[in-house]
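Structural characterization, general
In case you want the letters, here they are:
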Amino acid sequence: VPAKIRRKIPTLQRGSSGLRLSRFSLSSKCYVLFATCQVLYLIFLCIVILVDQASKLASSFAIAWILCALALLYFVIDGVRREDKFVLWASVSTHTAATGFLVYSAFDEAIRKSMGPKFEGLSLASGIEMSVMEVVLLVSAWQTQKTFGFFVFNRVGANPRLQKLYTTYRIFVSLLKLDFVISLIVCILASLLEDDVVSLALTLIAAGISLAMMIVGLYGVREEQREVVCMFWVFKLFMPGYIAYKLYDLRDDPVFDVLLASGAVSVILRLVLMVYTCKVTYGFGQGLRDEVFIPDVLNTSEGKTIDPGSGWASSPIKSAGCDNEGWISASDESFIAEG
């Protein structure tokens with residue numbers, strides 16, 4: 001790749017690191033900066049609600065949104081770092097949901113009062129601020145996703161089949177993470193409302209099992225173990241039943257609406273995850289494990305660092321006359337020109 005082209009493509013810069021700022025475009029940096037400011041502002045509002053302690057509903061809402069804000073920050077950084085459009089727009093959608101709630105609460109007297117006097121005084125200003133920043137985030141996210149496109153190529157090369165398989169795998173992993181976050185929020189909300197020790201213990205065990213099954217699902221897909229994936233698939237079908245049970249058990253609680261919304265999102269996300277689990281399983285044995293995942297393990301065991309941003313260690317171009325850094329050597333330029 002000529003030097004003048006490498007300079008124009010951040011992910012092809014020589015020696016680039018997965019977290020080095022020089023990898024990212026100006027729009028990406030602005031998006032991460034704006035989103036981080038919004039996450040801090042959401043956490044500030046939640047702390048204000050917790051300090052007031054106006055009601056059980058308000059405290060439960062505040063804790064849930066602190067978790068959402070932290071998850072939002074993670075997905076913002078992960079989406080930009082891995083050039084994942086799905087995660088990028090999922091993070092924007094999360095901010096849109098938060099903005100919609102704040103704008104709605106600014107005009108709903110019952111919600112404002114239930115959240116405490118301090119939040120009531122900030123609700124209108126917060127709704128306006130979040131609405132303005134929503135437009136800023138939409139514009140910056142749109143500009144950021146235009147700079148995406150080289151991450152998959154750097155990981156699997158120019159093979160269209162591997163690119164399609166790896167893209168499906170990336171969506172599966174993103175859905176897996178989102179599903180775990182939503183399930184964790186539902187479990188934590190339910191645990192805050194439990195009065196007896198047994199119900200609290202069961203809820204915490206359910207959260208631990210969700211984490212374990214996320215790891216199991218990821219392992220099964222990367223190692224292309226159909227039996228492990230089937231076990232993961234069957235377990236995930238039981239989780240909506242648990243959510244339905246908790247909703248029925250807490251149907252008279254004031255936080256029921258929050259649980260209902262979280263549970264509905266969790267079930268819909270779970271169904272989409274099941275579809276992509278089938279799609280990624282269908283791709284087993286077509287070369288993704290041998291070309292991408294096994295080389296990663298081999299290089300890691302040899303002490304080499306695999307940079308997901310540059311990813312040349314597993315790229316087919318490495319075997320086509322490249323130097324130690326993954327760039328086409330001078331001695332091979334004549335061969336390519338003749339070709």
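Reference entry: report on the structure contained in this document.

The rules behind these values
Residues numbered from 1 in each chain as written. Predicted model: local features only at pLDDT ≥ 70, side-chain atom pairs only at ≥ 80, totals over all residues. Heavy atoms only, no water. Helix = DSSP H or I, 4+ residues; strand = E, 2+ residues; numbered from the N terminus. Buried < 20%, exposed > 50% of the residue type's maximum accessible area, 1.4 Å probe, protein only. Contact = heavy atoms within 4.5 Å. Polar contact = N/O pair within 3.5 Å; in protein donor to acceptor, adjacent residues only side chain to side chain. Phe/Tyr/Trp six-rings, centres within 6.5 Å; stacked < 30°, edge-to-face > 60°. Expected span 1.5 Å × (residues − 1). Salt bridge = Lys/Arg side-chain N within 4 Å of Asp/Glu carboxyl O.

Thoughts on the overall build of the chain
- Counting secondary structure elements, the chain contains 13 helices and 0 strands.
- Going from the N terminus to the C terminus, the chain shows its helices and strands as α-α-α-α-α-α-α-α-α-α-α-α-α.
- The proportion of buried residues among the 339 residues of the chain is 46%.
- A fraction of 73% describes how many contacts in the chain between residues 6 or more apart in sequence connect residues 24 or more apart.

Thoughts on the environment of Gly121
- Tracing the sequence through the fold places Gly121 in helix 6 (residues 117–146).
- Given a relative accessible area of 61%, Gly121 falls into the exposed group.
- Note: C-alpha distance between Gly121 and Ala106 (15 residues apart in sequence) is 9.4 Å.

Overview of the side chain of Thr99
- Along the chain, the position of Thr99 falls in helix 4 (residues 85–107).
- Judged by its relative accessible area of 7%, Thr99 is buried.
- Here His95 takes part through its backbone oxygen, which lies 2.8 Å from a polar atom of the side chain of Thr99.
- For Thr99, the contacting residues outside a window of four places in its chain are Met130, Ser131 and Glu134.

A look at the environment of Leu204
- Within the element layout of this structure, Leu204 appears in helix 9 (residues 197–222).
- Sequence spacing of Leu204 and Ala190 is 14 residues, and the spatial spacing of their C-alpha atoms is 9.4 Å.

Brief notes about the packing of aromatic side chains
- Inspection of the entire model under this criterion finds 4 aromatic pairs.
- A ring pair is formed by Tyr41 and Phe44, whose centres lie 6.2 Å apart and whose planes are at 35°; its orientation type is tilted. You can see Tyr41 and its partner Phe44 sitting in helix 2 (residues 26–52), 3 residues apart, about one turn around the helix.

Observations regarding helix 6
- Between its first and last C-alpha, helix 6 extends 43 Å over 30 residues, near the 44 Å set by a 1.5 Å rise per residue.
- Where helix 6 is concerned, the buried positions are Phe119, Ser123, Ser126, Gly127, Met130, Met133, Glu134, Leu137, Ser140, Ala141, Thr144 and Gln145.

Examining the pattern of salt bridges
- Tallying each qualifying case throughout the model produces 5 salt bridges.
- Measuring nitrogen to oxygen at the nearest pair gives 2.7 Å for the salt bridge that ties Asp179 to Arg270. Taken together, the residues span a long stretch of sequence, with Asp179 in helix 8 (residues 160–193) and Arg270 in helix 11 (residues 256–282) at a distance of 91 residues.
- On the basis of relative accessibility, which here comes to 1%, the residue Asp179 falls in the buried class.
- Its relative accessible area of 2% is what places Arg270 among the buried residues.
- For Glu223, the salt bridge goes to Arg289, with nearest N and O atoms at 3.4 Å. Placement of the pair is Glu223 in the loop between helix 9 and helix 10 (226–249) and Arg289 in helix 12 (residues 288–301), with a sequence separation of 66 residues.
- Each member of the salt-bridge network shares a partner with another, and the members are Asp78, Arg81 and Lys177.

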